[in-house]
Amino acid sequence: MNLKEWAAANGVGYSTARQWFLEGKLPVPARRVGGLILVEQPAVPAPVDLAVVYARVSSADQKPDLDRQIARVTTWAGERGIPVGRVVTEVGSALDGHRRKFLALLRDPAVTTIIVERRDGFAGFGADSVEAALAASGRRLLVVDPVEVDDDVVRDMTEILTLMCARLYGRRTAADRAARAVAAATGDVP
């Protein structure tokens with residue numbers, strides 16, 4: 001590959017990579033061919049199966065639950081003979097599609113198995129689609145407790161309503177309007 005592609009793939013600026021090449025400090029073998037600098041591809045090691053435990057809570061006040069969640073999931077994996085290579089924790093809503101660590105797991109081809117406690121802890125909606133995409137690339141999602149909890153669905157619906165109300169009415173009254181909408185939907189109106 002050329003030096004520009006190598007630099008982009010390794011998170012190095014092109015001018016820095018070029019300077020390393022000129023100074024003989026480039027960490028991979030490279031040679032000049034005309035005006036082009038070609039970087040030799042290192043031998044690709046055999047893929048190693050990497051199982052990762054992913055634990056998530058919705059808010060910072062639930063952080064103590066992360067340790068208990070990790071303990072349950074790693075124990076479950078150990079009982080089934082699945083070696084856990086890494087534990088990833090995150091605080092963020094399951095409905096938020098911008099969870100940095102979650103997306104990094106999905107992008108990492110070395111991660112062959114993702115183990116979660118509950119399906120909704122992995123992704124609020126669309127977990128089936130994510131699981132299918134993982135399976136299509138030869139990866140898998142293992143769920144310790146496959147039973148869905150109705151309270152979580154209600155909480156997710158409340159989060160969606162809060163987000164929608166925040167966009168429509170402003171952040172200050174969003175939680176109040178969402179709570180009133182849930183109360184009206186469930187028949188708990190005083």
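What you see is a predicted model, and the numbers here were worked out from it, not measured in a lab.

Chemist: Now, about the pairing of strand β4 (residues 84–91): what can you tell me, with residues and values included?
Modeler: Sheet topology note: the strand β3 (residues 50–57)/β4 ladder contains seven bridges and is parallel. Across the sheet, Val52 pairs through a bridge with Arg86, a residue of β4. Chirality of the crossover, the property in question, places the unit of β3, helix α3 (residues 63–79) and β4 among those that are right-handed.

Chemist: How would you explain the environment of Arg155 if you had to name every residue and give the values?
Modeler: Inspection of the secondary structure puts Arg155 in helix α7 (residues 150–169). A C-alpha to C-alpha distance of 9.9 Å links Arg155 and Val182, two positions 27 residues apart in sequence.

Chemist: Give me the pattern of salt bridges: which residues, what numbers.
Modeler: On inspection of all chains with the given rule, the structure shows five salt bridges. Across the pair Glu117 and Arg72 runs a salt bridge, and its minimum N-O distance is 2.4 Å. Within this pair, whereas Glu117 is found in the loop between β5 (111–116) and α5 (119–122), its partner Arg72 is found in helix α3, the two being separated by 45 residues in sequence. Overall, the relative accessible area of 13% leaves Glu117 in the buried class. Linking Asp108 and Arg86 is a salt bridge whose minimum nitrogen-to-oxygen distance equals 3.9 Å.

Chemist: For the nonpolar core, give the residues involved together with the corresponding values.
Modeler: Formed by Val52, Tyr54, Val88, Phe102, Leu105, Val111, Ile114, Val116, Val130, Leu134, Leu141 and Val143, the largest nonpolar core amounts to twelve residues. At the level of elements, β3, α4 (100–107), β5, α6 (127–136) and β6 (140–143) are the ones that each hand at least two residues to this core. If you tally residues by element for this core, the top one is β5, at three residues.

Chemist: Which residues make up α3, and what are the values?
Modeler: An ideal rise of 1.5 Å per residue puts 24 Å on 17 residues; α3 measures up with 25 Å between its terminal C-alpha atoms. Every buried residue of α3 is listed here: Leu66, Gln69, Ile70, Val73, Trp76 and Ala77. The arc that holds the buried residues of α3, viewed along the axis, is 135°, so those residues lie on one side. Every exposed residue of α3 that faces more than 90 degrees away from the buried side is listed here: Asp67, Gly78 and Glu79. Looking at the buried positions of α3, the neighbouring elements they touch are β3, β4, β5 and β6. Looking at the residues trailing α3, positive phi occurs at Gly81, about 75°.

Reading the values: rules and limits
- Residues numbered from 1 in each chain as written.
- Predicted model: local features only at pLDDT ≥ 70, side-chain atom pairs only at ≥ 80, totals over all residues.
- Heavy atoms only, no water.
- Pairing = 2+ DSSP bridges.
- Helix = DSSP H or I, 4+ residues; strand = E, 2+ residues; numbered from the N terminus.
- Right-handed = clockwise from strand over helix to strand, strands pointing away.
- Salt bridge = Lys/Arg side-chain N within 4 Å of Asp/Glu carboxyl O.
- Buried < 20%, exposed > 50% of the residue type's maximum accessible area, 1.4 Å probe, protein only.
- Core = buried A, V, L, I, M, F, W, Y, C linked by side-chain atoms within 4.5 Å.
- Expected span 1.5 Å × (residues − 1).
- Arc of directions from axis to C-beta.
- Contact = heavy atoms within 4.5 Å.

None of the figures reported here should be taken as evidence of function without further support.
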